[in-house]
Amino acid sequence: MPNALALFKANSTLTDGWLQAFDARSVAVQDNLVITMPNMHFIPEFHHFEEEDLQARTDGRFGIVDCFQWPQAYDETFCHAACIPRKEAFPYPHPLHWAWFTPTQDDLKSIPGNSFPVGTLALDKVDGLRSLLTLAEQRVRDYRIAQPGRGITIYSRILCLRHAVARLKSHSLTFRDLLIFVTDTQCLFLEIHSYIDWFLIAQPRTMFGICTEVNPQWMGCFAQSSDICEKFFCAGVPVWYVRTRAYIPPAMTIITPVLLTRPDHIVISMYMEGRKIRPFEVIYRGQGGHNHHLHIRRLYAGTTYKDPEPMIPSQESSSSNPSASGSKSSILGKAPSQKKAKQRRQPYSTDARPARPGQSGENRDKWRDPKMPYLPPLNLHWEAAMKIAVKDQSRYGNLGACAKSSDPRGFQQLYNQPKNSPSNAREISLSLGAL
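Residues numbered from 1 in each chain as written. Predicted model: local features only at pLDDT ≥ 70, side-chain atom pairs only at ≥ 80, totals over all residues. Heavy atoms only, no water.

J.: Looking at this model, I keep getting lost on helix α3 (residues 151-170). Mind explaining?
T.: Every α-helix winds through 3.6 residues per turn, so residues three or four apart in the chain are directed the same way. An ideal rise of 1.5 Å per residue puts 28 Å on 20 residues; α3 measures up with 29 Å between its terminal C-alpha atoms. For α3, the complete set of buried residues consists of Gly151, Ile154, Ile158, Leu161, Ala164, Val165, Arg167 and Leu168. On its buried side, α3 packs onto β5 (119-121), α2 (123-146) and α4 (175-206). (Helix = DSSP H or I, 4+ residues; strand = E, 2+ residues; numbered from the N terminus. Expected span 1.5 Å × (residues − 1). Buried < 20%, exposed > 50% of the residue type's maximum accessible area, 1.4 Å probe, protein only. Contact = heavy atoms within 4.5 Å.)

J.: Any chance you could explain the sheet that holds strand β6 (residues 221-223) here in plain terms?
T.: Picture the strands of a sheet paired through backbone hydrogen bonds; they go either parallel or antiparallel. Taken together, five strands build an open sheet; the order of strands is β6-β7-β2-β1-β8 and the sheet is mixed. Strands with a single pairing partner mark the edges of an open sheet, and in this sheet they are β6 and β8 (254-257). Recorded for the sheet is a direction-independent mean angle of 30 degrees between the axes of neighbouring strands. Bridge analysis of β6 against strand β7 (residues 239-244) gives three bridges, and the strand direction is parallel. Bridging from a neighbouring strand, Ala223 pairs with Tyr241 of β7. (Pairing = 2+ DSSP bridges. Axes fitted to C-alpha atoms, helices over the stretch in contact; angles between N-to-C directions.)

J.: Explain unusual backbone geometry here, please?
T.: Note: most residues except glycine have negative phi, and most peptide bonds are trans. Omega for the peptide link from Tyr92 to Pro93 comes to 10 degrees, which places this bond in the cis form. Among the secondary structure elements, Pro93 is positioned in the loop between β3 (52-55) and β4 (108-110). Unlike most non-glycine residues, Asp31 shows phi in positive territory, near 55 degrees. Mapped onto the fold, Asp31 is located in the loop between β1 (24-30) and β2 (33-37).

J.: Can you walk me through the packing of aromatic side chains in this structure?
T.: Geometrically, a pair of aromatic rings is defined through the distance of the ring centres and the angle of the planes. For the structure on display, the rule yields 13 aromatic pairs. Judged by centre distance (5.8 Å) and plane angle (50 degrees), the rings of Phe22 and Tyr241 are tilted. With Phe22 in the loop between α1 (4-7) and β1 and Tyr241 in strand β7, this pair connects stretches of sequence that are 219 residues apart. A relative accessible area of 34% places Phe22 in the partly exposed class. On the accessibility criterion, Tyr241 (10% relative accessible area) is buried. Their ring planes at 70 degrees and their centres at 6.1 Å tell us that Tyr143 and Tyr195 sit as a pair that is edge-to-face. Taken as a pair, Tyr143 in helix α2 and Tyr195 in helix α4 lie far apart in primary sequence, 52 residues in all. What makes Tyr195 buried here is its relative accessible area of 12%. Taken together, the ring pairs connect Phe42, Phe46, Phe49, Phe222 and Trp240 into an aromatic cluster. (Phe/Tyr/Trp six-rings, centres within 6.5 Å; stacked < 30°, edge-to-face > 60°.)

J.: Just to check I follow, could you spell out empty space enclosed by the protein for this structure?
T.: In this approach, a probe sized like a water molecule rolls over the atoms, and the result shows the empty space that is left. In the structure shown here, the tally under the stated rule is three cavities of 30 Å³ or more. What the largest cavity holds in volume is close to 70 Å³. Lining of the largest cavity is provided by 15 residues; of these, Ala81, Ala82, Gly220, Cys221 and His293 occupy positions nearest its centre. Forming the boundary of the second largest cavity are His48, Val65, Cys67, Gln72, Ala73, Gly288, Gly289, His292, His293 and Ile296. Its residues assigned to classes, the lining of the second largest cavity shows four nonpolar, six polar and no charged. (1 Å grid on protein atoms, 1.4 Å probe; cavity = no way out; pocket = protein on both sides within 12 Å on 5 of 7 lines; lining within 4 Å. Points joined across faces, edges and corners; volume = space filled by probe spheres on them. Nonpolar A, V, L, I, M, F, W, Y, C, P; charged D, E, K, R; others polar.)

J.: Honestly, the environment of Leu5 in this entry has me stumped. Any pointers?
T.: Tracing the sequence through the fold places Leu5 in helix α1. Once the C-alpha coordinates of Leu5 and Ala28 are considered, the two residues, 23 residues apart in sequence, prove to be 8.0 Å apart. Look past the residues within four positions of Leu5 in its chain and what remains in contact with it is Pro257, Val258 and Leu259.

J.: Can you help me understand the packing of α2 against α3 in this one?
T.: Relative to each other, α2 and α3 sit at 165 degrees, their axes nearing to 10 Å. As judged from the angle between their axes, α2 and α3 are roughly antiparallel. With respect to the hand of their crossing, α2 and α3 are arranged in left-handed fashion. In this structure, α2 contributes Val126, Leu129, Arg130, Leu133, Ala136, Glu137, Val140, Tyr143 and Arg144 to the contact, and α3 contributes Gly151, Ile154, Tyr155, Ile158, Leu161, Arg162, Val165, Leu168 and Lys169. Here the contact of α2 with α3 is composed, by residue class, of twelve nonpolar, one polar and five charged. (Parallel < 35°, antiparallel > 145°, perpendicular 65-115°, else oblique. Left-handed = near helix turned anticlockwise from the far one by under 90°.)

J.: Explanation requested: the pattern of salt bridges in the structure shown.
T.: Within this structure, the stated rule accounts for 13 salt bridges. Glu88 is the partner of Arg86 in a salt bridge, and the nearest nitrogen-oxygen pair spans 3.6 Å. A residue is classified by how much of its surface remains accessible, and Arg86, at 19% relative accessible area, is buried. Classification of Glu88 by relative accessible area gives partly exposed; the value is 48%. We note a salt bridge from Asp127 to Arg130, for which the minimum N-O separation is 2.7 Å. One end of the pair, Asp127, and the other, Arg130, are both in helix α2, three residues apart, so they sit about a helical turn from each other. Overall, the relative accessible area of 31% leaves Arg130 in the partly exposed class. Sharing partners across several salt bridges, the network here consists of Glu51, Asp53 and Arg285. (Salt bridge = Lys/Arg side-chain N within 4 Å of Asp/Glu carboxyl O.)

J.: I tried to follow helix α5 (residues 226-235) on my own but got confused; where do I start?
T.: Along α5, the residues that are buried comprise Ile228, Cys229, Phe232, Phe233, Cys234 and Ala235. As for α5, its buried residues are in contact with α4, β6 and β7. Taking the backbone nitrogen of Asp227 as reference, a side-chain oxygen 3.2 Å away marks Ser225 as the first, capping residue of α5. Once α5 ends, the next one or two residues include Gly236, with phi positive near 80 degrees. (Polar contact = N/O pair within 3.5 Å; in protein donor to acceptor, adjacent residues only side chain to side chain.)

Function cannot be read off these values alone, since they describe shape.
Here is the structure:
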């Protein structure tokens with residue numbers, strides 16, 4: 001599949017001031033789609049039409065389908081998602097950088113006298129999240145003055161944010177729950193911030209029809225409607241217009257063809273404790289759109305109704321605490337003898353294996369990697385290459401049988417047979433089975 005650099009020609013003589021909503025400051029190709037952007041210099045990869053698992057990852061977020069860290073398709077109910085702040089626009093020490101920090105095990109402070117593996121969030125991290133609450137409360141006060149009849153909906157989110165910060169300060173939590181509760185707190189703040197930006201800044205601009213300079217601090221969205229593209233372009237919201245190649249006008253104004261910006265920085269690996277994979281539950285599976293927006297905003301309930309599982313000791317800690325029987329030998333410089341049979345090292349815990357049997361090699365699509373929790377995360381570049389691979393089985397012939405026999409004459413015999421002969425079709429099917 002050719003990319004935009006091969007399909008479109010750049011026109012460096014134009015400037016951004018001459019562009020309209022359906023022109024291309026930048027243009028990129030993704031499969032059969034052409035994505036144009038009238039007011040930004042990059043085009044992110046579009047994840048919408050494939051069915052994706054909505055599941056928290058190692059950092060507590062939802063990977064590439066998370067509207068709080070990657071642009072998604074426009075949804076009328078959650079139109080303010082296009083105004084979510086971008087992480088890259090607010091680096092440390094900006095006060096908003098707390099909306100994207102990820103806690104570590106060191107941030108879980110144990111409670112004196114409690115022998116369970118639970119604790120509270122470190123006070124400096126709580127203060128950072130409380131600063132987000134202070135900013136949100138000030139913005140809500142200003143919003144209720146400007147929009148006195150619209151403050152009820154957003155005020156309920158403020159109440160949730162207050163409770164989320166108080167819970168992280170005083171409630172005993174496992175690190176697994178702490179991770180999601182921190183993410184919920186950050187998403188609540190980003191939701192409030194984007195909601196107010198939309199209704200006070202972006203939405204009024206969509207009604208005037210006057211083009212406004214783009215705000216690069218907003219997340220933006222993908223638009224499949226020309227009307228939405230026009231309105232967001234006028235409002236200064238980053239908007240990527242998605243069409244197939246059949247609908248691209250030959251005289252479209254293009255400044256720069258670009259390659260897709262891929263979400264390689266986004267965490268997609270599953271949550272682990274020690275060497276044991278403990279993935280979070282899948283809360284929804286399907287294509288992008290309204291349901292993704294809805295379920296991502298669903299607040300996590302936690303697992304405080306269950307006893308916490310004991311912490312898995314690391315290999316370093318177990319080696320630093322030798323048994324009493326081996327202490328004397330260790331002092332003398334001789335390692336203690338091990339009477340147990342040597343176990344074979346495994347790259348993943350056997351507890352992570354699914355309860356159901358593995359997928360059959362005859363029924364499984366060999367062009368797609370199976371989705372199982374004990375496999376490493378998919379490489380996005382490999383996945384993209386496999387999508388455009390030629391999957392015509394007739395092109396491969398009896399490679400498996402010829403390879404097994406190690407006889408090069410088999411390749412010549414297979415080549416000389418007509419492609420539509422029954423024997424050749426049977427050989428092809430046998431070779432696929434051998435492969």
